[in-house]
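Listed here are the chains, written in short residue letters.
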Amino acid sequence: MPLTSPDWSPFLPGIALWALALYLPLSGPLGRLEEALASGSLPSTFQQVVLVISSLLLALAIGVLADLGLSWALGPDWASSLGLIAAGWGLFTALASRAREDGE
């Protein structure tokens, strides 16, 4: 019997939602990477490419780990639902923080 690759399709929505939900907390380390790249000798075009690729890879890796861990504990549907809640909550808190800073 040949080995077949696993079907990742049930996990894809949850992975995307968790990557989106955890992107804001991950922006701190990415800010430090941006500062380190700015102080280096790499041209600005390559700095942006490195920053974008590292940002996407970090968000994807954290999204995969969060979704797989929660899928193992709760099931893929629950993990995706919690990812949607976390992404919505992150958006809500970001908008509330911005409104508070603007004095609204």
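Everything below is about the structure shown above.
Because the structure is predicted, anything quoted here is derived from the model rather than measured.

Asker: How should the packing of helix 1 (residues 12-21) against helix 4 (residues 76-102) be read in this particular structure?
Answerer: Helix-helix packing is characterised by the crossing angle of the two axes and by the distance between the axes. Contact geometry of helix 1 with helix 4 gives a least axis separation of 8 Å together with a crossing angle of 25°. The pairing of helix 1 with helix 4 is recorded here as roughly parallel in orientation. You can see that helix 1 and helix 4 cross each other, and the crossing is left-handed. Every residue of helix 4 that contacts helix 1 at Pro13, Gly14, Leu17, Trp18, Leu20 and Ala21 is listed here: Ala79, Ser80, Leu82, Gly83, Leu84, Ala86 and Ala87. Of the residues that constitute the contact of helix 1 with helix 4, the class distribution is 10 nonpolar, 3 polar and no charged.

Asker: Is there a simple way to explain the side chain of glutamine 47 in this structure?
Answerer: Here glutamine 47 lies in helix 3 (residues 44-74). At a separation of 2.8 Å, a polar atom in the side chain of glutamine 47 contacts the main-chain carbonyl oxygen of leucine 37.

Asker: Is there a simple way to explain the nonpolar core in this structure?
Answerer: Taken as a class, soluble globular proteins show a tendency for nonpolar side chains to be buried jointly. Counting 5 residues, the largest nonpolar core consists of Leu17, Trp18, Ala21, Ala66 and Ala87. It is helix 1 that contributes the most residues to this core, 3 residues altogether.

Asker: Looking at this structure, how should I read the packing of aromatic side chains?
Answerer: Any aromatic ring pair is given by two values, namely how distant the centres are and how the planes are angled relative to each other. Evaluation of the coordinates by the stated rule reveals 1 aromatic pair. Where tryptophan 89 meets phenylalanine 92, the ring centres are 5.4 Å apart and the plane angle is 40°; that geometry is what we call tilted. Here the residue tryptophan 89 and the residue phenylalanine 92 both occupy positions in helix 4, the gap between them amounting to 3 residues, near one helical turn.

Asker: Teacher, can you tell me more about a nonpolar patch on the surface here?
Answerer: A surface patch of nonpolar side chains, about 360 Å² in accessible area, is lined by Val49, Ile53, Leu57 and Leu60. Inspection of the secondary structure assignment puts leucine 60 in helix 3.

Asker: Honestly, the packing of helix 1 against helix 3 in this entry has me stumped. Any pointers?
Answerer: Contact pair helix 1 / helix 3: the axes reach a minimum separation of 7 Å and the direction vectors enclose 125°. With respect to helix 3, the element helix 1 is oriented oblique. Like other packed secondary-structure pairs, helix 1 and helix 3 cross with a definite hand, here right-handed. Together, Gly14, Ile15, Trp18 and Ala19 of helix 1 and Ala59, Leu60, Gly63, Val64, Ala66, Asp67 and Leu70 of helix 3 make up the contact between the two elements. For the contact of helix 1 with helix 3, the residue count by class is 8 nonpolar, 2 polar and 1 charged.

Asker: Please clarify how helix 3 should be interpreted in this entry.
Answerer: Side chains that are three or four residues apart share a direction in an α-helix, a result of its 3.6 residues per turn. Taking 1.5 Å of rise per residue, 31 residues should cover 45 Å, and helix 3 covers 44 Å from first to last C-alpha, within 8% of that figure. Considering only its buried residues, helix 3 is in contact with helix 1, helix 2 (27-39) and helix 4. The positive-phi residue at the C-terminal boundary of helix 3 is glycine 75, with phi of around 110°.

Cut-off values and rules
- Every chain is numbered on its own, with residues counted from 1 as its sequence reads.
- Only residues with pLDDT of at least 70 are given local features in this predicted model, and only at 80 or more are side-chain atom pairs given and counted; all residues enter the totals for whole chains, interfaces and linings.
- Working from all heavy atoms in the structure, the side-chain values ignore hydrogens and water.
- Fitted lines through C-alpha atoms give the axes, limited to the stretch in contact for helices. The angle between two N-to-C directions lies from 0 to 180 degrees.
- Strands here are runs of E lasting at least two residues and helices are runs of H or I lasting at least four, both read from the DSSP assignment and numbered beginning at the N terminus.
- An angle below 35 degrees is treated as roughly parallel, one above 145 as roughly antiparallel, one from 65 to 115 as roughly perpendicular, and anything else as oblique.
- Two helices that cross are described as forming a left-handed crossing if the nearer one is turned anticlockwise from the farther one by less than a right angle, and a right-handed crossing if clockwise.
- In what follows, a contact means two residues having at least one pair of non-hydrogen atoms within 4.5 Å.
- The residue classification treats Ala, Val, Leu, Ile, Met, Phe, Trp, Tyr, Cys and Pro as nonpolar and Asp, Glu, Lys and Arg as charged. All others, Gly included, are polar.
- Here a polar contact is recorded for every N or O atom pair within 3.5 Å, except that within protein the pair must consist of a potential hydrogen donor and a potential acceptor, and residues adjacent in sequence are included only if both atoms are side-chain atoms.
- Nonpolar cores are built from buried Ala, Val, Leu, Ile, Met, Phe, Trp, Tyr and Cys residues. Side-chain atoms within 4.5 Å join them into one set.
- Each residue gets one of three labels from its accessible area relative to the maximum for its type: buried under 20%, exposed over 50%, partly exposed in between, using a 1.4 Å probe on protein chains only.
- For Phe, Tyr and Trp, where Trp contributes only its six-membered ring, two rings pair if their centres lie within 6.5 Å, and the inter-plane angle classes them as stacked under 30 degrees, edge-to-face over 60, or tilted in between.
- Within the patch definition used here, like charges are joined within 9 Å and nonpolar side chains (Val, Leu, Ile, Met, Phe, Trp, Tyr) within 5 Å, considering only residues with over 30% relative accessible area and no salt bridge.
- Method for areas: the Shrake-Rupley scheme with a 1.4 Å probe, in which residue coverage is limited to the protein chains shown.
- Salt bridges are counted wherever a side-chain nitrogen of Lys or Arg sits within 4 Å of a carboxyl oxygen of Asp or Glu.
- What a helix is expected to span follows from its residue count: subtract one and scale by 1.5 Å.

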